[in-house]
Each structure stands twice: as structure tokens, then as C-alpha cells.
Amino acid sequence: MASTITAGAAGSIHFGDFEWQEIWKYAGARLADQLRALPDTPVSSKAPPSEIRSALAAFDFTQQLAPESVIDFALEGLRRWQTQTNHPGYWGLYVPAPSSMGVIADAIAAAFNPQLANWSHSPFAVEVERHLIQAFSSRLGFPASACDGTLTSGGAEANHTAILTALNSVYPGLWEIGMRGLPENPTLYCSAAAHDSWLKAARACGFSRHDVRVVAVDDRGRIRPGDLDDMLSADVADGRRPVLVVATAGSTSEGAIDPLADIATIARNHNVWFHVDAAWAGALIASPQLRSYIGGMEAADSVTCDAHKWLSVPMGAGIYLTRHRGALRSTFDVTTDYMPRMTDDLDVVDPYRASMQWSRRFIGLKIFMTLAVCGWDGYAKAIESQVALGNRMRRVLSEHGWRLMNETELPVVCVVENDIPGPSERRRVQAIVDEVLREGRAWVSAAELIGRGSVVRCCVSNMRSTDDDVDVLVAALNRARVKAGRVRAS
Ligand SMILES: *Cc1c(COP(=O)(O)O)cnc(C)c1O
């Protein structure tokens, strides 16, 4: 690395106009080269930490390096030492290949660096996000006159926001007395298939593990509505106060969608806030053809939808939506004497008074610019073709002697070997996954399905993956199966 270091604009934080443009062009060209080459490089890295640390050890920050050489170092590091979500053989964990407009938008947002804490600093940025909240809400079927929302770092923050808004709606005086002042235990309901970010958020909100009730699921990983109903009644009889029911649309392991309409009715009957965690599958609102899969979501009090998952914008871009205007404001409101106040007589809310973050980057721009270029129709096509690719993957895998272990309309395919009797062991599944990763042409993971043991999980994640890439994956899995078998025999 050291040999490529040149003088350049080393030592300066700001570059002159000409130099800046040259460096920008340089970075763009080098980035494009690297991304173009990705399909021919291994999907993931096998490097031990020591390899990366010793490359970094060359940086003691006593020398001033040329920007070009630092750009090269960063690009090379990311090319060599990362699981490549841009690779068409990445069948991964809901991490997308980012949209080109999203990448450009993120750079533009960084360059202008709008401060989204308050409206008066960044009226355009705040209005773009307000516009997006309305567009997503109406697409989702929330009443336009009442909807509200906020852009978040991701699904975890959106889920955390959901717990807080639910608590504050059930206990409008919570800020006066705090969680310790409540007369009964506020209780949250979700299934074991729900995302674990719910546990983290519940902890951060002051719940104990006993206040998070785990609802039973059926053999497709979906909440059993009858069990939820019984649990709510029993808990109320026991002196608990149910505050939030969480349903998942697109569970992480197997893409299960809870019965949203049934759960909505149950939550309403028990007067509990109903949240749908549609971090991944919320993107189906783009497709008139497929949106019935998440029917019932429009009855939720609030929804999580990550634009950085199936809507393919770069991280982090989560969305929290609610049908209750004012819920965010009453949950988070504070006033300070140092923030500009010129918005008092305008029809606007400063984001810092209605969300978890304070200084915040312009998350919405990458969603706005991508959606503006591809439109809902463009998203619909991309999502429908990924669903079709998932169906093809299911068909080809079962033709090649793989047993399908999950049942979903979504493009997440969980398989085990056909000829292994009984539930598959984690060790054996892991050996197959490790071998696929070692070959480097595809990336899959091991997962556990509730009541069904370990599986190889393959999820369509890249809008550019094709039928041929599916064939490459199936061939890799077939080779890995043979090899893992030999390992076991010896
Ligand atoms: C990914 C995911 C989350 C967490 O979202 P982040 O964007 O990673 O913070 C929560 N719930 C579900 C269902 C998810 O798929």
C-alpha cells in the first residue's frame, strides 16, 4: 500500500475546487471498476482479524497521505474483507444490493450535510421526509388526514419507537410517573419468530423479560391468533396491562407472515396498540399484484418498514409509520432554549421533538431519489421478479433432492438434504454452509426454524440476481452436500 502513496492534496481537509472534482472523479471511476469486477470475486471474505489488523497497523496517522491512496486503501479493504451484498450470488440476510440513485443520494446528503433536528435549518430535507411519510402511508392504506411517521436508522429504531408510542398512548401521564410509577406491569406480545431487536428495545424501555410474552406459532412460524387471544385475557385477569401486540410480516429465518387481519381484530378487542414489523416485506406495498400477502397491515396502529431492505437503498434507512398523528410528538416532546424557534407559527413539527434522534442525517433523500427514478411500478417489477426467482429456486432445489422446510410466498427458501432422516443437525447444515462459503460463488446461511431444526437459508437479496445465478447456487449446494457427506463419513 505504501508504495502507491503520492503527494496529491495530502494534509488538507478541504480541497480546492479543481482538486475536489478530480478526486471525486477518481473515486467514482475506481468504485465503478471495483463494483464491475465483483461478480468474479469471492462473495465473502475468509480473512482472520489479524490480516485486516496488520493492514491497518500501517496507519499511525503521523504521516499525511494523498487522498487517492487513501481512497484506494478503503476500496481495496471493502473489496477484500466483506461479504459482498452487491454480488449476484449473495443469497443473504435481507441486505440489498443498493440502488445507484441511493448511493448518489447518500453522497449528496453528506456533502450538503443538512441538520434534520429542526425544520428551520433544513426545510427542504424535512419536507422531503414529510412527503415520503405521506406517500408511504397512503400506499399502505393509512388515513391521509391522520398519518404520521419518522425516518429512522433502521428497523430496530423504528421498533423501539413503536414501544414508546404504544406506552405513551396507553399511559398519557407516563412522563410524570415513569415506568416504576405504573400500577401494573405493562406487557408486550410477540412470537419467538419476531426479530430480536424487540427484546433489546423492550430492555431499553424498562421492561423485564417476563413482561415480554412469547406467543406460540404454527408449523409455518406464524402466530396462532387463538393463543394470543387467550394469553391477553389471562394476563388481564392476572393484573397485567397489555400495551403492545407485535406481528411480523416477513420473519427473518423463514419469511413467515403472521395473520395480520386476525391479530388486528384481537388487539382492537383488547384495546392494545397493534404494530406490524414489516421491516423486510413492507416493500410489498409497491406491488398491487402481491400486496394481498400483507393484507391487514393497514389496520395496524403503527408499522416498521425498512427502505434499506427490500427497497434496496443503502443503510441506514428505516421508516416508522403510524395512523395516530400526534403520537410521536406526545412521546418525545421537549423544548430547549438553544434550538431555533422560528417555526412556532408554521404548520411544521421539528423532528427532534417527535423522534428518537437529535442531530440526524438526511435519511429520506436516498429513498426519495430512488423512488422518483423507478416509481412504484419500478419497485413492483423488481419485487415481483425476485418473488418469481424465489419460486424458481424452490423448484430447482427440490428437483435436486433438497427438502423444502418453510412455506411462504416470499423469496426465502429454507432447505435440508432429502435423504437425512429426522430433523437436520446444526453441525451438518453448518458444514454445507461453510463449504459453499469456502468456494466463494454463493453466500447462504444456517438458520433454525421453530420446531423444524436447522436449515440452509437462501434468500433472494439482489435485484440483479438471475436464473443463472440460481443454477450456480444449486450446483454449489450440491457439491457442498457431497463434500460434507465425506467429512462426516471419515
Ligand atoms: C431487519 C429486521 C429488523 C431490524 O432492523 P434493522 O434495520 O436491522 O435495525 C427488525 N425486524 C425485522 C422483521 C427485520 O427483518
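Residues numbered from 1 in each chain as written. Predicted model: local features only at pLDDT ≥ 70, side-chain atom pairs only at ≥ 80, totals over all residues. Heavy atoms only, no water.

Helix and strand content of the protein: 14 helices and 11 strands. Taking 2.2 N^0.38 as the reference for a compact globule, 490 residues should give roughly 23 Å; the C-alpha atoms of the protein span a radius of gyration of 24 Å, in line with that estimate. With the C-alpha coordinates aligned to their principal axes, the bounding extent of the protein is approximately 70 × 65 × 40 Å. Across the 490 residues in the protein, those meeting the buried criterion constitute 50%. Considering only residue pairs separated by 6 or more positions, the protein has 74% of its internal contacts joining residues 24 or more positions apart. Once the 48 positive and 55 negative side-chain charges of the protein are each reduced to a mean point, those two points are 5 Å apart. (Helix = DSSP H or I, 4+ residues; strand = E, 2+ residues; numbered from the N terminus. Rg over C-alpha atoms; globule rule 2.2 N^0.38 Å. Buried < 20%, exposed > 50% of the residue type's maximum accessible area, 1.4 Å probe, protein only. Contact = heavy atoms within 4.5 Å. Lys, Arg positive; Asp, Glu negative; His and termini not counted. Charge placed at Lys NZ, Arg CZ, Asp CG, Glu CD.)

What follows concerns the site of the ligand. Taken together, Y94, G154, G155, A156, N159, H195, S197, D277, A279, D306, H308 and K309 make up the full set of residues near the ligand. At a separation of 2.8 Å, an oxygen atom of the ligand approaches a polar backbone atom of G155. Within the side chain of D306, an N or O atom sits 2.6 Å from an oxygen atom of the ligand. The fraction of the free accessible surface of the ligand (380 Å²) that becomes covered by protein chains is 84%. At three residues, helix α6 (residues 155-170) tops the list of elements feeding residues into the shell around the ligand. When its residues are assigned to classes, the shell around the ligand shows three nonpolar, six polar and three charged. (Near = heavy atom within 4 Å. Polar contact = N/O pair within 3.5 Å; in protein donor to acceptor, adjacent residues only side chain to side chain. Areas by Shrake-Rupley, 256 points an atom, 1.4 Å probe, with all protein chains shown as cover. Nonpolar A, V, L, I, M, F, W, Y, C, P; charged D, E, K, R; others polar.)

Next up on the list: the side chain of T304. Following the sequence through the fold, T304 ends up in strand β6 (residues 302-306). In this structure T304 comes out as buried when scored by relative accessible area, which is 0%. Excluding its chain neighbours within four sequence positions, the residues that come into contact with T304 are G155, A158, N159, H275, V276, D277, A278, A279 and I319.

Okay, the pattern of salt bridges next. A complete count under the given rule lists 26 salt bridges for this structure. In this structure, E127 engages R130 in a salt bridge whose closest nitrogen and oxygen atoms are separated by 4.0 Å. Pair noted here: E127 and R130 are both in helix α5 (residues 123-140), with a separation of three residues, about one helical turn. Overlapping salt bridges, with partners in common, bring together E51, E76, R79 and R80 in one network. (Salt bridge = Lys/Arg side-chain N within 4 Å of Asp/Glu carboxyl O.)

Let us look at the side chain of T85. In this structure, T85 sits in the loop between α3 (67-80) and α4 (100-112). By relative accessible area, T85 is classed as buried at 14%. A distance of 3.5 Å separates the side chain of T85 from the backbone oxygen of P96, its partner in a polar contact. Sequence-distant contacts of T85, that is, excluding residues within four places in its chain, are made with Y90, V95, P96, A97 and N462.

Okay, the sheet that holds strand β2 (residues 186-191) next. The strand order across the open sheet formed by seven strands is β1-β7-β6-β5-β4-β2-β3, and the pairing between neighbours is mixed. A single partner strand is all that each edge strand has here, and the edge strands are β1 (148-152) and β3 (212-215). Shown here is a sheet whose adjacent strand axes are inclined to one another by a mean of 20°, direction ignored. Judged from the four bridges that link them, β2 and β3 form a sheet pairing that is parallel. Residue S191 lies in a different strand from β3, and its bridge partner there is V215. Packing against the sheet, α5 makes contact with β1, β6 and β7 (318-322), and its axis sits at approximately 65° to β7. (Pairing = 2+ DSSP bridges. Axes fitted to C-alpha atoms, helices over the stretch in contact; angles between N-to-C directions.)

On to the packing of α6 against helix α8 (residues 197-204). α8 packs onto α6 with a crossing angle of 45° between their chain directions and a minimal axis gap of 9 Å. When the axis of α6 is compared with that of α8, the two are oblique. Crossing angle aside, the handedness with which α6 passes α8 is right-handed. Counted together, A156, N159, H160, A162 and I163 of α6 and S197, W198, A201, A202 and A204 of α8 form the full contact between these two elements. Taken together, the residues of the contact of α6 with α8 break down into seven nonpolar, three polar and no charged. (Parallel < 35°, antiparallel > 145°, perpendicular 65-115°, else oblique. Left-handed = near helix turned anticlockwise from the far one by under 90°.)

Our focus in this paragraph is the state of the cysteines. Tallied over the entire structure, the rule returns zero disulfides. Free cysteine: C374, not disulfide-bonded; nearest cysteine sulfur from C305 at 13 Å. Cysteine C458 is unpaired, with the sulfur of C414 as its nearest cysteine sulfur at 7.6 Å. For C458, a relative accessible area of 0% gives the class buried. (Disulfide = S-S within 2.5 Å.)

Moving on: the confidence of the model for the protein. The predicted model of the protein has a mean per-residue pLDDT of 93, with 96% of residues at 70 or higher. Low pLDDT, under 50, characterises residues 1-7; the stretch is placed with eight contacts to residues that sit more than four places away or in other chains. (pLDDT = per-residue confidence, 0-100.)

All right, on to unusual backbone geometry then. Leave glycine aside and you will find that most residues have negative phi; peptide bonds, for their part, are mostly trans. With omega at -15°, the peptide bond leading from M315 into G316 counts as cis. Turning to its location among the elements, G316 is positioned in the loop between β6 and β7. Its identity is not glycine, yet F61 carries a phi of approximately 65°, on the positive side. Checked against the element boundaries, F61 lands in the loop between α2 (49-56) and α3.

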